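As a plain string of letters, each chain reads:
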Amino acid sequence: MGGLKVRTANIRYVLLGLFVALMSCNGQKKAADTGGGDNTSKLTMVLRDNYAASDRTETLVVRDEKSLRKFFSKINRTRKPGIPVPKVDFSREMVIIYCSGAQKMGTQPSLSVIGETGAQVIMGMAQEHLDGDQISTASIRPFAVYKIPATEKEITFRAIE
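Below, the structure is looked at part by part. Remember, it's a predicted structure, so these values are computed and weren't measured experimentally.

## Overview of the sheet that holds strand 2 (residues 57-62)
Stage number 1. As summarised here, the arrangement of the four strands in space is 1-8-3-2, forming an open sheet in which the pairing is antiparallel. The open sheet is flanked by strand 1 (44-49) and strand 2, the only strands paired with a single partner. Put simply, the sheet's adjacent strands are angled 15° from each other on average, direction ignored.
Stage number 2. Strand direction decides the pairing type here: strand 3 (residues 93-100) and strand 8 (residues 143-149), joined by seven bridges, are antiparallel.

## A short note on the sheet that holds strand 6 (residues 120-129)
Stage number 1. If you walk across this open sheet you meet the three strands as 5-6-9, and the pairing is mixed. Lying at the two open borders of the sheet, with one neighbouring strand each, are strand 5 (107-116) and strand 9 (154-159). Strand-to-strand twist in this sheet, taken as the mean axis angle between neighbours without regard to direction, amounts to 30°.
Stage number 2. In terms of strand pairing, strand 5 meets strand 6 through nine bridges, oriented antiparallel. The residue bridging S110 from the neighbouring strand is A126, located in strand 6.

What counts, and where the lines are drawn
Residues numbered from 1 in each chain as written. Predicted model: local features only at pLDDT ≥ 70, side-chain atom pairs only at ≥ 80, totals over all residues. Heavy atoms only, no water. Pairing = 2+ DSSP bridges. Helix = DSSP H or I, 4+ residues; strand = E, 2+ residues; numbered from the N terminus. Axes fitted to C-alpha atoms, helices over the stretch in contact; angles between N-to-C directions.

And the structure:
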């Protein structure tokens, strides 16, 4: 009889964990959407994961399907099943990928549009700190994939605290 109580308690914790995870996913999408009146500054998170193909910090501006597939082929070399390549209409949108390099679990890369001029869009790169329950000493290589309306402007990146 005691084993049944333990299983019920474990199931409650699992369901609570799933609920929190689902709610936080929606919150990240809303936080990544900077909105605003200018169409170029609309940034939408598409995907976030803990294991990129590179140990170094890098940002990629992807303007075509071939380059996007090349990035995902590097990531999916060691994954079974692999992460599906996001669907992007490159005639209207482009993709920005931020790989934050090797670090301890507990932070995730985050991009935001911090400014725009007639010739460039300025992106702010930051590390979003996670709750204490998700912090670990495990080494990860997180990355985030964003969509932004297509523009001919130069995309520049700046670190923000």
